[in-house]
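The primary structure of each chain is shown beneath.
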Amino acid sequence: MPLQAEALSKIYGTESNKVTALNNVSITIEDGQFVSIIGPSGSGKSTLLHLLSGIDKPTGGTVLFNNEDMYALGEKELSAFRRQKFGFVFQQFHLIPILTAEENICMPVLLDRKQPDQEYLRELTDFLEISGRLSHLPHELSGGQQQRVAVARALIAKPQIIFADEPTGNLDSKSSKEVIELLTRASKQFGATLIMITHDLAISQLSERRLTISDGVLSEVESQ
Ligand code: ADP
Ligand code: MG
C-alpha cells in the first residue's frame, strides 16, 4: 500500500509572518522500505512527517494511502485511521508517566477498545529486550529503554508505516545505536515501512532510500 503525496504545501502564518514550511512536495513511498529524510533544523522535516501521517492538514495538495484520501476523512475517522495503520516514535518519548511500560505499549490498541495480542506483545518486547521492564514506570527506565517502549507502542497495532521524528535526539550515542538498530530490524521483522527523520548522516546512510529537504523542498539523494 503505497503512500502518495501530491503537491503538498504548508504555509504557516499570514502576510509578514508567513512561513512556507513545505513547498510543493510530491513523493510516493513503497511498502516495506526504510526511507530516511535528512535536512537542517527548520527545513520542514517535522512538517512533512506530520502531513504524511495525518497529524496536521496541508495548506495545499493531497496525501493518499492505499488510494484513500486521508484528509477527506473526518477528525474522528482520521485519528482511528492513524492509530490502526501508523505507528509513531518521537524525539521526546511521549510515554504517559503514571502508566507502566506495558500499559503504555498497549495504549493504541486499548484506545480502539481491543485487547492486545498477548503472544505478539511478548514477541515484540522480547525482540526489543524490554520484557523484564514491563511493570516499570517510565521514570524507572533509562532513556534508551523508554524509547524502546515507545518503539513497541509504535508496533503494537501492527501498523503499515512507522513514522519516526529524530528518534535518537534525546539519547547518548550508545543508546542511539541500539535504538536505531532495533527500530530498523523490528520494522523489517514485523513488516512495516519505516520513514525516519534524522539530522545524522550516518543514520541516513543505513536507509534504503535517502531523501533530503532544504527550505521546504524535498529531493532524492542519489546513491553513489
Ligand atoms: P524541522 O523539523 O526540519 O526542524 P519544521 O518542519 O519543524 O522543521 O519547521 C519548518 C519551518 O516552519 C520553520 O521555519 C518553523 O519555524 C516553521 N513552523 C513550524 N511549525 C510552525 C507553527 N506551528 N507555526 C508557525 N511556524 C511554524
Ligand atoms: Mg523537527
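Note: the structure precedes this text.
A few points on the structure. Here the structure is a predicted model, which is why all the values come from computation and not from measurement. (Residues numbered from 1 in each chain as written. Chains lettered and ligands numbered in written order. Predicted model: local features only at pLDDT ≥ 70, side-chain atom pairs only at ≥ 80, totals over all residues. Heavy atoms only, no water.)

1. Let's talk about the site of ligand 1
Inference 1: Inspection of the region around ligand 1 gives Y12, V19, A21, P40, S41, G42, S43, G44, K45, S46 and T47 as its neighbouring residues.
Inference 2: Between ligand 1 and S46, the relevant distance is 2.9 Å, taken from an oxygen atom to a side-chain nitrogen or oxygen of the residue.
Inference 3: Here an oxygen atom of ligand 1 sits 2.6 Å away from a polar atom, N or O, in the side chain of T47.
Inference 4: Contact with the protein chains hides 58% of the accessible area of ligand 1, taken as 560 Å² for the molecule alone.
Inference 5: Of all the secondary-structure elements, those providing two or more residues to the shell around ligand 1 are β2 (19-29) and α1 (45-52).
Inference 6: Ranked by residue count, the leading element in the shell around ligand 1 is α1, at three residues. (Near = heavy atom within 4 Å. Polar contact = N/O pair within 3.5 Å; in protein donor to acceptor, adjacent residues only side chain to side chain. Areas by Shrake-Rupley, 256 points an atom, 1.4 Å probe, with all protein chains shown as cover. Helix = DSSP H or I, 4+ residues; strand = E, 2+ residues; numbered from the N terminus.)

2. Describing α1
Inference 1: Counting buried positions along α1 gives six out of eight residues, so the element sits mostly inside the fold.
Inference 2: Those residues of α1 lying buried are K45, T47, L48, L49, L51 and L52.
Inference 3: A positive backbone phi angle near 80° is found at G54, which sits one or two residues after α1. (Buried < 20%, exposed > 50% of the residue type's maximum accessible area, 1.4 Å probe, protein only.)

3. Some details on the packing of aromatic side chains
Aromatic ring pairs are defined here through the distance separating the ring centres and the angle between the ring planes.
Inference 1: Under the defined criterion, the tally for this structure stands at eight aromatic pairs.
Inference 2: Ring geometry for F65 and F81: centres 6.1 Å apart, planes at 90°, overall edge-to-face. Highlighted residues: F65 in strand β4 (residues 60-65) and F81 in helix α2 (residues 75-85), separated in sequence by 16 residues.
Inference 3: Given a relative accessible area of 6%, F81 falls into the buried group.
Inference 4: Between F81 and F86 the ring centres are 5.8 Å apart and the planes differ by 90°, which places this aromatic pair in the edge-to-face class.
Inference 5: The exposure class assigned to F86 is buried, which follows from its relative accessible area of 4%.
Inference 6: Grouping aromatic residues by their ring pairs yields a cluster made of F65, F81, F86, F88, F90 and F163.
Inference 7: Directly above the ring of Y120 sits K158, whose terminal nitrogen or CZ lies 4.6 Å from the centroid. (Phe/Tyr/Trp six-rings, centres within 6.5 Å; stacked < 30°, edge-to-face > 60°. Lys NZ or Arg CZ within 6 Å of the ring centre and 35° of its normal.)

4. A short note on the pattern of salt bridges
Inference 1: Enumeration according to the criterion identifies nine salt bridges in this entry.
Inference 2: Across the pair K174 and E178 runs a salt bridge, and its minimum N-O distance is 3.3 Å. In this pair, K174 and E178 are both assigned in helix α6 (residues 173-189), four residues apart and thus about one turn of the helix distant.
Inference 3: In this structure K174 comes out as exposed when scored by relative accessible area, which is 59%.
Inference 4: In this structure E178 comes out as partly exposed when scored by relative accessible area, which is 32%.
Inference 5: Salt-bridge contacts for R185 lead to E181; the nearest nitrogen and oxygen are separated by 3.2 Å. Residue R185 and its partner E181 are located together in helix α6, separated by four residues, close to a single helical turn.
Inference 6: The partly exposed category is assigned to E181, whose relative accessible area is 42%. (Salt bridge = Lys/Arg side-chain N within 4 Å of Asp/Glu carboxyl O.)

5. Topic: the packing of helix α3 (residues 101-111) against helix α5 (residues 143-155)
The geometry of a pair of packed helices is captured by two quantities: the angle between their axes and the separation between those axes.
Inference 1: Two elements in contact, α3 and α5, have axes separated by 7 Å at closest approach and are oriented at 30°. By the criterion of interaxial angle, the relationship of α3 to α5 is roughly parallel. In this structure, α3 meets α5 at a crossing whose hand is right-handed. Here A101, N104, I105 and P108 of α3 come into contact with α5, specifically with V149, A152 and R153. (Axes fitted to C-alpha atoms, helices over the stretch in contact; angles between N-to-C directions. Parallel < 35°, antiparallel > 145°, perpendicular 65-115°, else oblique. Left-handed = near helix turned anticlockwise from the far one by under 90°. Contact = heavy atoms within 4.5 Å.)

6. Some words on the nonpolar core
Inference 1: Core analysis: the biggest nonpolar cluster contains 36 residues, and I105, L124, L128, L155 and M196 have the highest contact counts within it.
Inference 2: Going through the elements one at a time, α3, α4 (118-127), α5, β7 (161-165), α6 and β8 (193-198) are the ones with two or more residues in this core.
Inference 3: For this core, the element with the highest residue contribution is α5, accounting for six residues.
Inference 4: Contact partners of L155, with chain neighbours within four places excluded, come to Y120, L124, I162, A186 and F190.
Inference 5: Residues L22, V25, I37 and L51 belong to the second largest nonpolar core, which totals 29 residues. (Core = buried A, V, L, I, M, F, W, Y, C linked by side-chain atoms within 4.5 Å.)

7. Some points on the pairing of β4
Inference 1: The pairing of strand β1 (residues 3-12) with β4 spans five bridges and is classified as antiparallel. Its bridge partner lying in β4, L3 is registered against F65.
Inference 2: As paired elements, β4 and strand β5 (residues 68-69) share two bridges and run antiparallel to each other. The partner of L64 across the bridge, within β5, is D69.
Inference 3: Following β4, the chain reverses through two residues before pairing antiparallel with β5; N66 in that reversal takes a positive phi of roughly 50°. (Pairing = 2+ DSSP bridges.)

Limitation: the analysis is restricted to geometry and does not speak to function.
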